[in-house]
There are 2 protein chains.
Amino acid sequence: MSTSPAPARRARRYDPGRRDRLVATTLDVIAENGVAAATHRAIARAADVPLGSLTYHFGSLTELLAAAFTRHVDTVAARFDQRMRAAPDRVAALEALVEHLTGDLLGSQRDLVLAIELYVAAARDPALRAVTQDWMSRSRRSLEHHLDPVTAREVDALVEGLVLHSALSTDPMDAVQIRSALHRLAG
Amino acid sequence: MSTSPAPARRARRYDPGRRDRLVATTLDVIAENGVAAATHRAIARAADVPLGSLTYHFGSLTELLAAAFTRHVDTVAARFDQRMRAAPDRVAALEALVEHLTGDLLGSQRDLVLAIELYVAAARDPALRAVTQDWMSRSRRSLEHHLDPVTAREVDALVEGLVLHSALSTDPMDAVQIRSALHRLAG
DNA sequence: ACCCCATGTGTACGGTTGTTCCTATGAGGT
DNA sequence: ACCTCATAGGAACAACCGTACACATGGGGT
């Protein structure tokens, strides 16, 4: 009778790096079910931590969401900048962009969803808009390695539109169409 | 003592067209505070009707939101198609598009917000995605009056990106830049 | 004139949310 | 060995939500 008195007592203790893990889990939850479903409880469940742990590590839910999106933007922006920087010339840069779009972005449903969800969050919460703007400016700066500022801006807008279309449309553009559009705009 | 027994009793009765008014009010609330804030109670307050009236006229909140977005998309799509159809040739169509963007869309914060909020709603609710897709296909068909299908599609994506940028960015593109980008893509 | 039912109205319910708060615990400095 | 405080843990709260429902009311067909 007294062998197991506590009903599945949580033994977890001393969990360094939990803060980081919470940020990562938050991204997973957003990618899986959207920002709207990224509640304290859903994240706590996914990370297998008690509810109170969230508000201990992050002052508010918005703060946690901002941390998560910031991490994601950092990852994607760094990868993108590296690709653009690695291209030897304008033509190679455009091809790298096509690859980035068709391979990484439109290929992985996860990144696509996260992009849209960031727009959603930014549209709703001014505190998160800073993250979106950071993403947009970094994206533009990466493009400017091989494109003049004006063209970079136009290409950036087109890319944003392509992502949106791909996420919400039933028949997204394929690589050939995307390459053609980019070359027409920047070629 | 008995002169005013009921505390501000609502005298309203017999309100034909209330259903339509609810749809219009819903759009106002969305434009003002976003889909996230478009709750039964907020809409009821804005339309000055009791809470129960909403669920009487619309089976669910999603149904009401869909009706509102549908009305908005109908309005904008009709206006846009008329503009495109009225243009005598390709060049005039592009100029009309510039006007549509700079004048109507980017000019009125309301339409801009509603566009974004529709994306938001569509991203979250599958039932609303049909409205977004309807908008996208109608928009493309309007462009096809003077543009070949491939170009129309590319322009459509660019326009969507421009709208997104304008809504979320701090320094949106001006008419000159937009015209230049469109001509490079479709000129 | 009368009745019916579409419409209007107010309230209540069950559920979920963000956040607060109190208590427990053990790793690290002394 | 001991004390301390950053962290872990769980319960509670007030606010809000969508929806259901019971009841009033009067316009329009008869």
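As shown above, the structure is provided for reference.
Residues numbered from 1 in each chain as written. Chains lettered and ligands numbered in written order. Predicted model: local features only at pLDDT ≥ 70, side-chain atom pairs only at ≥ 80, totals over all residues. Heavy atoms only, no water.

Student: How do you make sense of the relation of the copies chain A and chain B when you look at a structure like this?
Tutor: Overlaying chain A on chain B yields an RMSD of 0.1 Å, the required transformation being a rotation through 179° with an accompanying axial translation of 0.0 Å. Interpreted geometrically, this transformation is the action of a two-fold axis. No C-alpha of chain A lies nearer the rotation axis than that of Gly161(A), which sits 1.7 Å from it. Mapped onto chain B, 97% of the interface residues of chain A are again interface residues, and the two copies thus contact each other with one and the same surface. (Least-squares fit on C-alpha atoms with pLDDT ≥ 70 in both. Contact = heavy atoms within 4.5 Å.)

Student: Looking at this structure, I do not really get the interface of chain A and chain B. What am I missing?
Tutor: Think of interface size as the accessible area that goes away when the parts come together; that is how it is often given. Contact with chain A, which involves 35 residues of that partner, is made by 35 residues of chain B. The junction of chain A with chain B conceals about 3,200 Å² of combined surface from both sides, 63% of it contributed by carbon and sulfur atoms. Linking chain A to chain B there are two salt bridges. Between Glu154(B) and Arg184(A) there is a salt bridge, with the nearest N and O atoms lying 3.3 Å from each other. Between the two partners, chain A and chain B, sit 12 residue pairs in polar contact (both at pLDDT 80 or more). The greatest single-element share of the side of chain A that touches chain B, amounting to 13 residues, is contributed by helix 8 (residues 149-168) of chain A. For the side of chain A that touches chain B, a count of residues per class yields 17 nonpolar, nine polar and nine charged. (Buried area = accessible area lost by both parts, 1.4 Å probe. Salt bridge = Lys/Arg side-chain N within 4 Å of Asp/Glu carboxyl O. Polar contact = N/O pair within 3.5 Å; in protein donor to acceptor, adjacent residues only side chain to side chain. Helix = DSSP H or I, 4+ residues; strand = E, 2+ residues; numbered from the N terminus. Nonpolar A, V, L, I, M, F, W, Y, C, P; charged D, E, K, R; others polar.)

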